[in-house]
Amino acid sequence: MLEKYSVRTDLALEEKERFESDNVEISGVVLEEEYDKEREIRITRVKVETENGAKTMGKPVGVYLTMEAPNMAVPDEDYHREVSVKLSGYIQELIEGRSLDTDDLSVLVVGLGNRQVTPDALGPYVADNLCVTRHIVKEYGKYAMGMEHARLVSAIVPGVMGQTGMETLEIVKGVVEETKPDLVIAIDALAARNTRRLNRTIQIADTGIHPGSGVGNHRNGLTKESVGVPVIGIGVPTVVDAATIANDTMENLIDALETSDILKGVGDVLRTYNSAEKYELVKELISPHLNGMFVTPKDEDELVKQISYTISEALNMLFTNKEEG
């Protein structure tokens, strides 16, 4: 079943934690944070600006952005619309950062993942709810959309290699060569490194996406270098592995130990490990068969559908000036 998954790990939040644990500034890397108190949405933006910074961080030069919205798991349509508006703005920011003409942009949206596996169906669900316009504009002209500037939006759900026998990159690259979009936006499910992030954060990066990396099932990445046009990756953590659950439990245990006069020393020792070290320690300690276990919330089917609407609405706002009813 794992070979059918197409998930990757968190982006900006990992870099933020790395900054905090190392407590040093890294040359060529900028960390920015902002907080919308009214909507309780926190934005973490990590900009890797130089090759030296990229080498130090182990990530390509680019922008890694995370929206943390704790209430995103709540079925509140008004709140989700506000998240869509903000998400639309941040995608616009990344597009402009790539020096693309947003007025007459041609966009290919790729819904990565396996429609038959609920926590991995985010990408296909987003594609289902998109307002695709390429065929209309090609057939009738841009004024058929009632807009002065018509953005060509097309979508594809390439499935996973276990279903098609082909790498996702092979399929997407072929479509790009034939349809010649200016930009690819790939939507995928993620594997969370913290249980609090499940279905509550949206990760965005202008460096592309690497399907399968979150579950150790590495596939060829969708990047500007491999596809031929800029690629923006969008994802939401929908699964968490057993080691992460155990690691979060250990964090709570450490907090409890520090309140005990007798066991405080044990908590102090464990506190000397940084997040990555504690996670690796837990992976070594848990039973081997648990290392491949991934867990989702019991209402994941509704959550994935709800969040897919939020993302597709953001894309529809941005590219067709249209909100879903």
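Remember, predicted model here, so these are calculated numbers, not experimental data.

1. Some points on helix H12 (residues 300–320)
In an α-helix there are 3.6 residues to a turn, and that puts residues three or four apart on one side.
(1) Moving on: Under the 1.5 Å per step criterion, the end-to-end length of H12 is 29 Å for 21 residues, consistent within 8% with the ideal 30 Å.
(2) Moving on: Counting buried positions along H12 gives 17 out of 21 residues, so the element sits mostly inside the fold.

2. Focus on the packing of helix H3 (residues 77–97) against H12
(1) Moving on: Following both chains from N to C, one finds H3 and H12 inclined at 50 degrees, their axes separated by 8 Å at the closest point. Judged by the inter-axis angle, H3 sits oblique to H12. Pair H3 / H12 crosses with right-handed handedness. Residue-level contacts link His80, Arg81, Val83, Ser84, Val85, Leu87, Ser88, Ile91, Gln92 and Ile95 of H3 to Gln306, Thr310, Ile311, Glu313, Ala314, Leu315, Met317, Leu318 and Phe319 of H12.
(2) Moving on: Of the residues contributing to the contact of H3 with H12, the split by class is 11 nonpolar, 6 polar and 2 charged.

3. Here's the deal with the pairing of strand S7 (residues 183–192)
(1) Moving on: Among the 10 residues of S7, 10 are classified as buried, and the element is accordingly described as predominantly covered.
(2) Moving on: In the sheet, strand S5 (residues 106–111) pairs with S7 via 5 bridges, with the strands oriented parallel. Bridge assignment links Leu108 to a residue of S7, and that residue is Val184.
(3) Moving on: Sheet topology note: the S7/strand S9 (residues 231–241) ladder contains 9 bridges and is parallel. Its bridge partner lying in S9, Ile187 is registered against Ile234.

4. Let's talk about the pattern of salt bridges
(1) Moving on: A full pass over the atoms with the stated rule returns 11 salt bridges.
(2) Moving on: When the shortest N-O distance is used, the salt bridge between Arg45 and Glu32 registers 3.3 Å. Taken together, the positions of Arg45 in strand S3 (residues 41–48) and Glu32 in strand S2 (residues 29–36) put the pair 13 residues apart, joining distant regions of the chain.
(3) Moving on: Given the relative accessible area of 7%, Arg45 is considered buried.

5. Points about the confidence of the model for the protein
(1) Moving on: Mean pLDDT over the protein works out to 82, with 81% of the residues at or above the 70 mark.
(2) Moving on: In this model, residues 1–9 is a region of pLDDT below 50 whose contacts with residues beyond four sequence positions or in other chains number 52 contacts.

What counts as what
- Residue positions within a chain follow its written sequence, with the count starting from 1.
- The predicted origin of the model limits local features to residues at a pLDDT of at least 70 and limits the giving and counting of side-chain atom pairs to 80 or more, whereas totals for whole chains, interfaces and linings rest on all residues.
- Hydrogens and waters are ignored; side-chain quantities use all the structure's heavy atoms.
- Comment: elements are numbered from the N terminus, with helices defined as DSSP H or I runs of at least four residues and strands as E runs of at least two.
- Each helix should span, by expectation, one fewer than its residue count multiplied by 1.5 Å.
- Partly exposed describes any residue whose relative accessible area lies between the buried limit of under 20% and the exposed limit of over 50%, with all areas from a 1.4 Å probe on protein chains only and scaled to the type maximum.
- Axis definition: a line fitted to C-alpha atoms, limited for helices to the stretch in contact. Angles are taken between N-to-C directions and run from 0 to 180 degrees.
- For classification purposes, an angle smaller than 35 degrees is called roughly parallel, one larger than 145 roughly antiparallel, one from 65 to 115 roughly perpendicular, and anything else oblique.
- Take the far helix as your reference; a near helix turned counterclockwise from it by less than a right angle gives a left-handed crossing, and one turned clockwise gives a right-handed crossing.
- We call two residues contacting when some pair of their heavy atoms lies within 4.5 Å.
- Gly counts as polar in this scheme, as do all residues outside two lists: the nonpolar Ala, Val, Leu, Ile, Met, Phe, Trp, Tyr, Cys and Pro, and the charged Asp, Glu, Lys and Arg.
- Note: two strands are recorded as paired if DSSP finds a minimum of 2 bridges between them.
- For this analysis, a salt bridge means a side-chain nitrogen from Lys or Arg found within 4 Å of a carboxyl oxygen belonging to Asp or Glu.
- A residue's pLDDT is simply how confident the predictor is in it, with values from 0 to 100.

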